[in-house]
2 protein chains.
Amino acid sequence: MKIALAQLNYLIGDFEGNLAKITGAVSEATSKGADLVVFSELAICGYPPLDLLERKEFINTCNHSIEKLATILDPGTGVLVGSPEFNTSSDGKLLFNSAFFLYEGKVQQVFRKALLPTYDIFDEYRYFEPNREFNILHFKKRKLAVTICEDLWDEQPFENEFSRSMLYTTNPLEELHKLGPEAIINMAASPFAHRKMEIKQSIFTGKAARYNLPVLYCNQVGAQTELIFEGGSMAIHPSGRVASKLPLFREDILISDLNELIESEPPLSTGVIPDRIGTMADALICGIRDYFGKLGFKTATLGLSGGIDSAVTLALAAEALGQENIHVLLLPSQYSSDHSVNDSVEMAQNLGIKYNILPIEALFYQFRKSLEPLFENLPEDITEENIQARIRGTLLMALSNKLGNILLNTSNKSETAVGYGTLYGDMSGGLSILGDLFKTDVYLMAEYLNREKEVIPVNIISKPPSAELRPNQKDSDSLPPYEELDQILEAYIEKQLPLEKVTEMGYEPELVNRIIRMVNQNEYKRYQTPPILRISSKAFGVGRRLPLVARY
Amino acid sequence: MKIALAQLNYLIGDFEGNLAKITGAVSEATSKGADLVVFSELAICGYPPLDLLERKEFINTCNHSIEKLATILDPGTGVLVGSPEFNTSSDGKLLFNSAFFLYEGKVQQVFRKALLPTYDIFDEYRYFEPNREFNILHFKKRKLAVTICEDLWDEQPFENEFSRSMLYTTNPLEELHKLGPEAIINMAASPFAHRKMEIKQSIFTGKAARYNLPVLYCNQVGAQTELIFEGGSMAIHPSGRVASKLPLFREDILISDLNELIESEPPLSTGVIPDRIGTMADALICGIRDYFGKLGFKTATLGLSGGIDSAVTLALAAEALGQENIHVLLLPSQYSSDHSVNDSVEMAQNLGIKYNILPIEALFYQFRKSLEPLFENLPEDITEENIQARIRGTLLMALSNKLGNILLNTSNKSETAVGYGTLYGDMSGGLSILGDLFKTDVYLMAEYLNREKEVIPVNIISKPPSAELRPNQKDSDSLPPYEELDQILEAYIEKQLPLEKVTEMGYEPELVNRIIRMVNQNEYKRYQTPPILRISSKAFGVGRRLPLVARY
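Residues numbered from 1 in each chain as written. Chains lettered and ligands numbered in written order. Predicted model: local features only at pLDDT ≥ 70, side-chain atom pairs only at ≥ 80, totals over all residues.

Chemist: Got a minute to help me understand the overall build of chain A in this structure?
Modeler: Each helix and strand in chain A was counted, giving 17 helices and 19 strands. The C-alpha atoms of chain A give 26 Å as radius of gyration, which agrees with the globular expectation for 552 residues (24 Å, within 12%). On the principal axes, the C-alpha backbone points of chain A span a range of 85 × 50 × 50 Å. Split into buried and exposed, the 552 residues of chain A put 56% on the buried side. Within chain A, contacts between residues at least 6 apart in sequence are counted, and of these 73% link residues at least 24 apart. (Helix = DSSP H or I, 4+ residues; strand = E, 2+ residues; numbered from the N terminus. Rg over C-alpha atoms; globule rule 2.2 N^0.38 Å. Buried ≥ 20, exposed ≤ 12 C-beta atoms within 10 Å, placed from the backbone. Contact = placed C-beta atoms within 7 Å.)

Pasting the structure below:
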């Protein structure tokens, strides 16, 4: 039996578009001899639909799509497709997260997800009742265990010192294994995280080896607002070796012969884990492209400051959208150094990007003049720095409004963490590209983007970082070196270590305490930031929920 | 036996402060003869702690607080206090949401929450494992059923046509009832919703009547960022009649004699449900006061436009913070009518509020001049309107930065719904006061606030609403009358009705479709708005999660 894994990029709620993609993939796979075509979790509507699942008309449309799909498909091909399903029993949540098996023109069987991730960015128990009854798929004389994403994650990799491996009290694979399956199918929507590629693969290869069964893993691909799904669907040999794997961040179909997969020698490859920074770049490019493409936008605006963050954002955006679709503004003030403008012009010219230079001194002067009646006896402070940032934000948004563009936010994770940024100023934008990259990774990204030719002028990479909001300002005036800051931030935010453990890494308690306080006190700023393309396992945004008013 | 319900206002994570409040309440209740003092859900740390529950040091501190509390209390008084508890079994979530029974200097027994709300603003299954074993509290020859909040909500009131009454597959009270309790204790953190006061009370009175048992309901009081807990703790007679009830939005202790409660005749009162708009005003005042007080801020800034939203916001803020703690700006442009300034001045003078008038023409002129090289051949459009709003936002934030104030946002729910507002302009602020009030309720609120004397000049209430961002602009140019708009919005957003059902209410499909599209297309703006004081059962913010990139 030949099984096809269709790794597709869905638009949430675009039922016609998604259905067309699904039927197209079935046709292609059938023409190549596939007996069974497998799609990813909730493929019919796209993952994650969030509170659209609370609307009856949305679920009705999912049902109609499934019914329509069943009737238009080649009746000789089996199809496994994910969709929400009404829970017809009298109690529990209204829906199941289900896999529909379509064959011979109708729905033959339904398999329901048992383990519902409800942590980080996942909220599945908000909508779904967990499955408690396990059945096997009998198809063409084969017995297949159909699982949905988290169903294989009964054992979780430890994320931090206060997480645990057994999050659930049921183990779907143990239950299914009693029914004697010959292969495990997993329909997933598993988002990208740059340090988790190896762990994720080991979850699937580990299950194959443990049960001595092939695993066929079909993942969603493409970005859904801040979440980026890498694809990387795999056919895994019963030995736990990866037999074949689809590319990342691209639609594709993988067809495997189940008999061959079971009977062949173990493959040599254990599955190549690609370069961290390169994969991160691909993820961000995919994130930008899909955000624009799925919203129906083509063009972007951003402010080029002469610093590394806006330079890296521009280089990634140019690759995602095409350099002809970006219009940048250079917005120097009296505190901007000459090299900031020169470096930015050089960068725009390197890429052939349209740019304008709009000095902000006159506006800054006018704001101070307007505020004179209120401020006349008060000393200059951060207020005047914020005014400059907000003038820039207003000019960028004006261009974005006038041209029907989307403004790209250029903040990185380090500054977002410590609140080193101005709300409604440099924290503006429709989408944050680098908000999940610590500054040290932004530098690595710059070098990666320059790997073939100098896209980002080296001077932008080598000069000391500065906000240039007052004379001779440097980031290092108020922050420790980024190598230290990022280590502390990663330990506190991503590994969730307490102060004492961070201190044990070799940092002064006073410094660690100051950094942690900055992180905690700036929750209110992060509440109002744009969605951040998520590339780590703990990004700012929907996956990290902290009270704004609290003492901690 | 005398049971005290301690209705207190906690600060999340302020372990010392919360402990001091708890021990103070125990002393007071003990001095009045209480045998048992009951506190609300997660009282030890405050509700909702959100992802602080994912930090080991936070849970350790909860444990230490419980231990400390046990040793310092009068050993002759029993105490029931809510706290997170480590789940020591090898699987399931790391924590339970528990009630600790303290007596004679130590923890005697622990009761765990079984029904974990995971919908709207609730994310409890993100952190907690549900309880599956039920025990009773034996204390001073009485048997008491100890439940935590949602444990009594096995039957949910229908919120909309696509919700169901039985969200859970277990029924804690049925289990506990088998153990023969003589009273039901409920430790809650149940937030306010202006149309749900009656339904909420009926949940508790219904349980009392159904089991013919007294119910002692202790609710948290006070605001936690956007969530406002009204208190309203109650002692309910076995007949289902309310025997006594604590006030709303205020700390207090209710002491009931259990024997008397059981043996007395049914009280006559069914529990008074207070006036909707008046309660809403009290809720918002509580929300403002606690946001500032718990953050350690005293003073606020806001922009007074001459319209009703900023006038109502100012009147509420003045009551919450004191008129001497507010500094308003009037920011007229060439499109502002004379009455806008005059009405605003009158309002500020009515309340004795400090104000400044800063005309924005010169700044608006300077922005257009700066943008001339880019915009010279392009027609005026919404860009120029947004620039004015962002100039105002920048001036208000400048004052807020300079004085260390918090800027209050003045947007209402109707305009937030349809995207009638400028990001980084009038959508700025630290806290949105009216973001969960439809415009028609803002008018009712204005009349309520004027009930004793004219705080808000009648001209502000009677003139047609306008953003005044271009000559002779009126809200009704682009929106239907607010009476219609609000009905459509409430049907679509709060009742979650589909287009056809909204149309059946008597509106043109074309109009309904246009409104729904406006709501859906402006999700990206709401993503970046300040936290909104929640006073309905479906507010914009954390309780409503929709994809930004989707087709629907």
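Don't stop here, the text continues.
Chemist: For this particular structure, what's the right way to read the sheet that holds strand 8 (residues 183-188) of chain B?
Modeler: Whether parallel or antiparallel, the strands of a sheet pair through hydrogen bonds between backbone atoms. Residues and elements named next belong to chain B. The sheet built from six strands is open, its strands ordered 6-7-8-9-12-13 with mixed pairing. Among the strands making up the open sheet, the edge pair consists of strand 6 (137-139) and strand 13 (242-245). Pairwise comparison of adjacent strand axes, ignoring direction, gives a mean angle of 20° for this sheet. Bridge analysis of strand 8 against strand 9 (residues 215-219) gives five bridges, and the strand direction is parallel. Bridge assignment links Met187 to a residue of strand 9, and that residue is Cys218. (Pairing = 2+ DSSP bridges. Axes fitted to C-alpha atoms, helices over the stretch in contact; angles between N-to-C directions.)

Chemist: Explain the interface of chain B and chain A to me, please; I cannot follow it from the model alone.
Modeler: Across the contact, 77 residues belong to chain B and 78 residues belong to chain A. With 13 residues, helix 10 (residues 382-403) of chain B is the single largest residue contributor to the side of chain B that touches chain A. Within the side of chain B that touches chain A, the residues separate by chemical class into 41 nonpolar, 19 polar and 17 charged. (Nonpolar A, V, L, I, M, F, W, Y, C, P; charged D, E, K, R; others polar.)

Chemist: Can you help me understand the environment of A:Pro359 in this one?
Modeler: All names here are of chain A. Position of Pro359 among the secondary structure elements: in the loop between strand 17 (354-357) and helix 9 (361-375). For Pro359, a count of 15 C-beta atoms within 10 Å translates into the label partly exposed. As for Pro359 and Arg210, which are separated by 149 residues in sequence, their C-alpha atoms are 64 Å apart.

Chemist: Is there a simple way to explain the confidence of the model for chain A in this structure?
Modeler: Regions with low pLDDT carry predicted coordinates that are not meant to be interpreted in detail. This prediction gives chain A a mean pLDDT of 96; 99% of its residues lie at or above 70. Reported for the predicted complex are a pTM of 0.97 and an ipTM of 0.96. (pLDDT = per-residue confidence, 0-100.)

Chemist: Just checking my understanding: could you explain the domain arrangement of chain A for this structure?
Modeler: Where the parts come together, the accessible area they lose is often given as the size of the interface. All names here are of chain A. Its domain assignment divides chain A into domain 1 (2-259) and domain 2 (280-478 + 522-527). Here the C-alpha centroids of domain 1 and domain 2 sit 39 Å apart. At the junction of the two partners, domain 1 supplies 10 residues and domain 2 supplies eight residues. Contributions of two or more residues to the side of domain 1 that touches domain 2 are made by strand 10 (221-224) and strand 11 (227-230). Partitioned by chemical class, the residues of the side of domain 1 that touches domain 2 number six nonpolar, three polar and one charged. (Domains from an automatic or database assignment.)

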